[in-house]
Amino acid sequence: MAKLLWKPSEEQIKNSNMYRFMNVINEKYHQNFSEFEPLYQWSIENIADFWESFWEFADLIASKPYEQVIDDVTKMPGARWFSGARLNFAQNLLRFRDDQVALIFKGEGQQSTKMTYAELYDEVARLAKSLKSAGVQAGDRVVGFMPNMPATIVAMLAATSLGATWSSCSPDFGIKGVLDRFGQIQPKVLFTANGYSFKGKKMDSLARIADILEKLPSIEKVVVVPYTDQNADISAIANAVHYKDFRSSESGLEIEFEQLPFDHPLYVMYSSGTTGLPKCMVQSAGGILVHHLKELILHTDLKREDTIFYFSTCGWMMWNWLASSLAVGATLVLFDGNPFHPHPGALWEMAQDEKITVFGTSAGYIAALINAGVKPGKTYDLSALRAVLSTGS
């Protein structure tokens, strides 16, 4: 038998979201579960009951309740989930409007900045009004060629609050990589930062945007977010506007969240493109919301008091997963840059300084740390850290 590396204390178990959920199931369905495995087996044998119970446990916001959890459990894929429900993804992520920090942003070589939940809501409301005035409506596609920064989260939430579908690429993608993806979905609005930083160098994005636009005639507006240059020259880009000039100047706005079916398209994500064009994968608003929250609340044990980080660009699905942490009310840490700049322990120094409690990354990054001889636990104060997540390669 393999050596047991760690076991939670009884107090940790009883304070977990999974334990609370197990007790809900015990009471509601007259069960007597005390461990995870029997609860898991029950969940796959009682699919409709499990997802109905989790919907209530996660307190999903919907303007109209569902009529049926699932129409045919034997039809996978192809089953219809939570038919009749009307909801909005962004509304669920913006349920908190207080002074707790929502976003911490650490750009390479920069001091970290913070945005509260109240500030986030206000910023999204202002941008949503501008997008609506620009003609964006349910079913349109809005895309981001953006670093992992607060403006990217804001743009996604503003677009999805209107019922638009969001898709994003990392700014280190080449022109062909962007066109292979965005060229398939005919976006109406494109958000881009003027540039990004990598290994201490400022990289320009606007020259590539000018070339990309020649092959994307569907784009009616390009919104340029300042990052490496606060007042970049955008005169060579058709239909371009600076973010500060595009966003509404009004404050105190209320967001009119478009209420949509459970299976309304939320995200378009892409396969790697190793065998031809990247394949578009359309993910539904309700499906992603309930599935991400299941993973975040039950499996990650995420709570409001947590500070969660996942090392990801906006071209990887883990960025979308991290964004859903807003629905829990946790603090999200966003990072842009090279994780080994200015030194191999840069992310762990950030974890120490921002008191990150949940740290997520790829297996490739962990292997690179090992090769570099980095030993985070011996070098940095990671006493706040309670979980390290790893996925991908």
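Here the structure is shown first, and the text comes after it.
Residues numbered from 1 in each chain as written. Predicted model: local features only at pLDDT ≥ 70, side-chain atom pairs only at ≥ 80, totals over all residues. Heavy atoms only, no water.

Visitor: Go over the overall build of the protein with me, naming the residues and quoting the values.
Guide: Along the protein, the regular secondary structure elements total 15 helices and 19 strands. A compact globule built from 393 residues would reach a C-alpha radius of gyration of about 21 Å, and the protein, at 21 Å, matches this within 12%. Here the C-alpha coordinates of the protein stretch approximately 65 × 55 × 50 Å along the principal axes. Restricting to contacts in the protein with at least 6 residues of sequence separation, those with at least 24 account for 71%. With an accessible surface of roughly 18,400 Å², the protein has 51% of that area assigned to carbon and sulfur atoms. (Helix = DSSP H or I, 4+ residues; strand = E, 2+ residues; numbered from the N terminus. Rg over C-alpha atoms; globule rule 2.2 N^0.38 Å. Contact = heavy atoms within 4.5 Å. Areas by Shrake-Rupley, 256 points an atom, 1.4 Å probe, with all protein chains shown as cover.)

Visitor: Outline the nonpolar core, listing residues and values.
Guide: By size, the foremost hydrophobic cluster in this structure holds 95 residues, and its most contacted members are Phe54, Leu120, Leu131, Leu157, Phe191, Leu293 and Leu326. Not counting residues within four places of it along the chain, the set of residues in contact with Phe191 comprises Leu127, Leu131, Val142, Val143, Gly144, Phe145, Met146, Ala155, Trp166, Val223 and Tyr243. With 21 residues, the next largest nonpolar core counts Val178, Ile185, Val222 and Val268 among its residues. (Core = buried A, V, L, I, M, F, W, Y, C linked by side-chain atoms within 4.5 Å. Buried < 20%, exposed > 50% of the residue type's maximum accessible area, 1.4 Å probe, protein only.)

Visitor: Can you explain the pairing of strand β17 (residues 331–336)? Please cite residues and give values.
Guide: Where burial is concerned, most of β17 is hidden: six out of the six residues are buried. A two-sided burial pattern is seen for β17, the buried positions comprising Thr331, Val333 and Phe335 on one face and Leu332, Leu334 and Asp336 on the other. Judged from the five bridges that link them, strand β4 (residues 101–107) and β17 form a sheet pairing that is parallel. Within the sheet, the bridge partner assigned to Lys106 lies in β17 and is Phe335. Following the chain from strand β16 (residues 307–310) across helix α12 (residues 317–323) to the adjacent parallel β17, one finds a crossover that is right-handed. (Pairing = 2+ DSSP bridges. Right-handed = clockwise from strand over helix to strand, strands pointing away.)

Visitor: I'd like a rundown of the environment of Val143, residues and numbers included.
Guide: Position of Val143 relative to the elements: it lies in strand β6 (residues 141–145). By relative accessible area, which is 0% here, Val143 ends up buried. Linking Val143 and Thr165, residues 22 residues apart in sequence, is a C-alpha distance of 8.3 Å.

Visitor: Explain the packing of aromatic side chains to me, and be specific about the residues and the numbers.
Guide: One pass over the full model with this rule turns up 26 aromatic pairs. Between Tyr310 and Trp316 the ring centres are 5.9 Å apart and the planes differ by 70°, which places this aromatic pair in the edge-to-face class. Using a relative accessible area of 1% as the deciding quantity, one classes Tyr310 as buried. For Trp316, a relative accessible area of 24% puts it in the partly exposed group. An aromatic cluster is defined as three or more aromatic residues linked by ring pairs; in this entry it consists of Phe21, Phe50, Trp51, Phe54, Trp55, Phe57, Tyr66, Trp81, Phe82 and Phe262. Of note, Arg304 hangs over the ring of Phe96, and the distance from its end group to the ring centre comes to 4.0 Å. A cation over an aromatic ring shows up here: Arg304 above the ring of Tyr117, its NZ or CZ 5.3 Å from the ring centre. (Phe/Tyr/Trp six-rings, centres within 6.5 Å; stacked < 30°, edge-to-face > 60°. Lys NZ or Arg CZ within 6 Å of the ring centre and 35° of its normal.)

Visitor: Got a sec to walk through the pairing of strand β5 (residues 113–116)? Specific residues and values, please.
Guide: Two strands pair when backbone bridges link them, and β4 and β5 are joined in this way by four bridges, in the antiparallel orientation. What sits directly across from Ile104, in β5, is Lys114. Following β4, the chain reverses through five residues before pairing antiparallel with β5; Gly109 in that reversal takes a positive phi of roughly 75°.

Visitor: Can you break down the pattern of salt bridges residue by residue, with the values?
Guide: Per the stated rule, a full pass over the model turns up 15 salt bridges. Residues Lys14 and Glu10 are paired through a salt bridge, measuring 3.9 Å at the closest nitrogen-oxygen approach. Taken together, the residues Lys14 and Glu10, both in helix α1 (residues 10–14) and four residues apart, mark about one turn of the helix. Note that Asp140 is salt-bridged to Lys188, the shortest N-O span being 3.0 Å. On the criterion of sequence distance, the pair formed by Asp140 in the loop between α6 (117–133) and β6 and Lys188 in the loop between α8 (175–182) and β8 (189–193) is long-range, its members being 48 residues apart. Like Lys188, Asp140 is buried. (Salt bridge = Lys/Arg side-chain N within 4 Å of Asp/Glu carboxyl O.)

Visitor: Which residues make up unusual backbone geometry, and what values do they have?
Guide: Backbone geometry follows two general trends: most residues other than glycine have a negative phi, and most peptide bonds adopt the trans configuration. A cis amide bond links Met76 to the next residue, Pro77, at an omega of 0°. Position of Pro77 relative to the elements: it lies in the loop between β1 (68–70) and β2 (81–83). The peptide bond linking His341 to Pro342 adopts the cis configuration, its omega dihedral lying at 5°. Inspection of the secondary structure puts Pro342 in the loop between β17 and α13 (346–354). The residue Asp59 is not glycine, and still its phi comes out positive at about 55°. In this fold, Asp59 is placed in the loop between α4 (47–58) and β1. Positive phi values are uncommon outside glycine, yet Lys355 reaches one of about 55°. Looking at where Lys355 falls in the secondary structure, it is placed in the loop between α13 and β18 (358–361). For Lys355, a relative accessible area of 57% puts it in the exposed group.

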